[in-house]
Amino acid sequence: MVVYKFGGTSVGTPERIKEISKLINTDETKIVVLSAMSGTTNKLVEISRLLYGKENLKAIEEVTALQNYYFEVVEDLFLDDHFKNKGKELITSHFNYIISFTEDLFTVHEEKAVLAQGELLSTALLHFYLEEQNIDSSLISALDFMRIDKDGEPDEFYIKENLLREIEKTSSKIIITQGFICRNSFGEVDNLKRGGSDYSASLIGVASSAREVQIWTDIDGIHNNDPRFVEGTKSIDYLSYDEAAELAYFGAKILHPASIQPSKKSNIPVRLKNTMSPLSEGTLIGSEIKGNGIKSIAAKDNITVIKIKSGRMLLAYGFMRKIFEIFEIYKTSIDMIVTSEVAVSITIDDNTYLKNITEELNNLGVVEVDEQMSIVCIVGNFIDESKGYALEIFKALKNIPIRMISYGGSRHNVSLLVNTSDKKEALNLLNQNLFADVY
Ligand code: ADP
Ligand code: ASP
Ligand code: MG
């Protein structure tokens, strides 16, 4: 068994859907996990925003425009009128469902149901296309096996049991399912957060004991810096699970932040491939740690830093526990932390409970908050014997104000907190100075 995940761009046009149909038409049994066609989830987010605001006329306009776009897709994708009509019926039923929400109270639950339509459509279209091509495939619904628990964590036991049951029902070599979407512990439609199809693929890989999870996207694997901000970045052949997990967590958009963990736990190799250039090697992610030194750089935005200053910290034990408890109560995870004898600085990437957290922290000391920060994360294999990495990093960033530094938490990561306005320059300076020999 192998898992193939195709992202939004990889299923973004009728031509791409035709291309991936060729890629998956091999003898090995595979589960094909699809994202929504590129742009669709963003449009559905916008439609949901209008429905929340009861801007029903505008919402209907947007829905109609998206529906018309899908009608064009169907025209180009299928040859036969029978399949064109089948495709149109499918599209009409999904978009009528979205429009039906103009009559109801629109809450977060309805929004999740709206967002799920993108993946439900892309998978059904591929399934119909393969049928028209006389290629046998089965479509299974992720809503029948993918589930998160009350803490929003995947329920791995449930996923395995139910996925295997669905797989057993079919003899097809191509089993298609949706990425991103799932049910929550109440059985409602939910999702694994934006970019979550990578996470779906990894969880499905574990549940089906796949030999490999392949993430097919629009770039030839993980690059040594963020290509959205730095020119001339280079693809990396191999990374360990820990290195890839750090990059994913700290902003490399190519992988959902949590997507490496399940594969790492079950030791399933993850291969990143480029749909536009299937013969390129891409990046392999596995358990072995290979090569030393700095390998790649990523950055994560929307970081808030909270500083707590207190004279009571001096020689006190239990102070940190009190701080952590507050973050635990408000289910807010901490990214970076640095301490001095009189102050603790902590970063978070979720401001939902920022007000409550700072109110409670005020009882422990003087609290300062700064938003609009970014974590720049330098990832690699920093073995104990080798020296000089820190010097190279700080030399590169000598003109960038650095607010926090975290080094030594793992052998694979040096994190720096900078103002978001300095992020692009920091990424470029690090690129020029750290990878000079790569170019
Ligand atoms: P998909 O829709 O296939 O899931 P994404 O847009 O989520 O694709 O991820 C691919 C994009 O991630 C690339 O086009 C690239 O712009 C961006 N990206 C950010 N950091 C990196 C990196 N270090 N290596 C490769 N791509 C990266
Ligand atoms: N379609 C979802 C999104 O755009 C999930 C994904 O593409 O991975 O976030
Ligand atoms: Mg993605």
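Everything discussed here concerns the structure shown above.
Scope of this entry: the structure provided in the associated data block. Source: prediction; values computed, not measured. (Residues numbered from 1 in each chain as written. Chains lettered and ligands numbered in written order. Predicted model: local features only at pLDDT ≥ 70, side-chain atom pairs only at ≥ 80, totals over all residues. Heavy atoms only, no water.)

1. Describing the site of ligand 1
Piece 1. Taken together, 16 residues surround ligand 1, and among them Lys-5, Thr-217, Asp-218, His-223 and Lys-253 come closest.
Piece 2. In the model, an oxygen atom of ligand 1 is placed 2.8 Å from a nitrogen or oxygen of the Asp-218 side chain. (Near = heavy atom within 4 Å. Polar contact = N/O pair within 3.5 Å; in protein donor to acceptor, adjacent residues only side chain to side chain.)

2. Quick look at the packing of helix 1 (residues 14-23) against helix 6 (residues 117-132)
Piece 1. Two numbers describe how helix 1 lies on helix 6: the axes approach to 10 Å, and their chain directions differ by 65°. In this structure, helix 1 crosses over helix 6, and the sense of that crossing is right-handed. Where helix 1 abuts helix 6, its residues Ile-17, Lys-18, Ile-20 and Ser-21 lie against Leu-126, Tyr-129 and Leu-130.
Piece 2. Among the residues making up the contact of helix 1 with helix 6, the classes are represented as five nonpolar, one polar and one charged. (Axes fitted to C-alpha atoms, helices over the stretch in contact; angles between N-to-C directions. Helix = DSSP H or I, 4+ residues; strand = E, 2+ residues; numbered from the N terminus. Left-handed = near helix turned anticlockwise from the far one by under 90°. Contact = heavy atoms within 4.5 Å. Nonpolar A, V, L, I, M, F, W, Y, C, P; charged D, E, K, R; others polar.)

3. Concerning helix 5 (residues 108-115)
Piece 1. Among all positions of helix 5, only Glu-110, Glu-111, Ala-113, Val-114 and Leu-115 are buried.
Piece 2. Residues of helix 5 that are buried in the fold lie against helix 2 (40-52), helix 4 (81-99), helix 6 and strand 6 (189-191). (Buried < 20%, exposed > 50% of the residue type's maximum accessible area, 1.4 Å probe, protein only.)

4. A look at the packing of aromatic side chains
Note on aromatic pairs: each is described by the distance of the centres and the angle between the planes.
Piece 1. Summed over all chains, the structure comprises 13 aromatic pairs.
Piece 2. Measuring from ring centre to ring centre gives 6.0 Å for Phe-78 and Phe-83, while their planes differ by 20°; the resulting arrangement is stacked.
Piece 3. According to the relative accessible area criterion, Phe-78 is buried, its value standing at 2%.
Piece 4. Considering the side-chain rings of Tyr-249 and Phe-250, the 5.1 Å spacing of their centres and the 90° angle between planes classify their relative orientation as edge-to-face.
Piece 5. Here a set of aromatic residues connected by ring pairs shows up, and it is made of Tyr-52, Tyr-97, Phe-101 and Phe-106.
Piece 6. Positioned above the aromatic ring of Tyr-238, the side-chain terminus of Lys-290 is 4.1 Å from the ring centre.
Piece 7. A cation sits over an aromatic face here: Lys-423 above Phe-229, 3.7 Å from the ring centre. (Phe/Tyr/Trp six-rings, centres within 6.5 Å; stacked < 30°, edge-to-face > 60°. Lys NZ or Arg CZ within 6 Å of the ring centre and 35° of its normal.)

5. Regarding the environment of Glu-131
Piece 1. Turning to its location among the elements, Glu-131 is positioned in helix 6.
Piece 2. With 96 residues separating them along the chain, Glu-131 and Ser-35 place their C-alpha atoms 20 Å apart.

6. So, the site of ligand 2
Piece 1. Around ligand 2, the neighbouring residues are Ser-35, Ala-36, Thr-41, Glu-119, Phe-180, Arg-194, Gly-195, Gly-196 and Ser-197.
Piece 2. In this structure, a nitrogen atom belonging to ligand 2 sits 2.8 Å away from a side-chain N or O atom of Thr-41.
Piece 3. Taking Gly-195, its main chain carries an N or O atom lying 2.8 Å from an oxygen atom of ligand 2.
Piece 4. Burial of ligand 2 by the surrounding chains reaches 86%, relative to a free accessible area of 260 Å².
Piece 5. For the shell around ligand 2, the residue count by class is two nonpolar, five polar and two charged. (Areas by Shrake-Rupley, 256 points an atom, 1.4 Å probe, with all protein chains shown as cover.)

7. Topic: helix 8 (residues 197-207)
Piece 1. Buried residues dominate helix 8, accounting for 11 of its 11 residues.
Piece 2. Where helix 8 is concerned, the buried positions are Ser-197, Asp-198, Tyr-199, Ser-200, Ala-201, Ser-202, Leu-203, Ile-204, Gly-205, Val-206 and Ala-207.
Piece 3. Looking one or two residues beyond helix 8, the residue adopting positive phi is Ser-209, at roughly 50°.

8. Notes on the pattern of salt bridges
Piece 1. Per the counting criterion, the structure on display carries 25 salt bridges.
Piece 2. Across the salt bridge formed by Lys-58 and Glu-55, the nearest N and O atoms sit 3.5 Å from each other.
Piece 3. We classify Lys-58 as partly exposed; its relative accessible area is 48%.
Piece 4. On the basis of relative accessible area, Glu-55 is assigned to the partly exposed category, the value being 30%.
Piece 5. Residue Lys-150 pairs with Asp-151 through a salt bridge whose shortest N-O separation is 4.0 Å. (Salt bridge = Lys/Arg side-chain N within 4 Å of Asp/Glu carboxyl O.)

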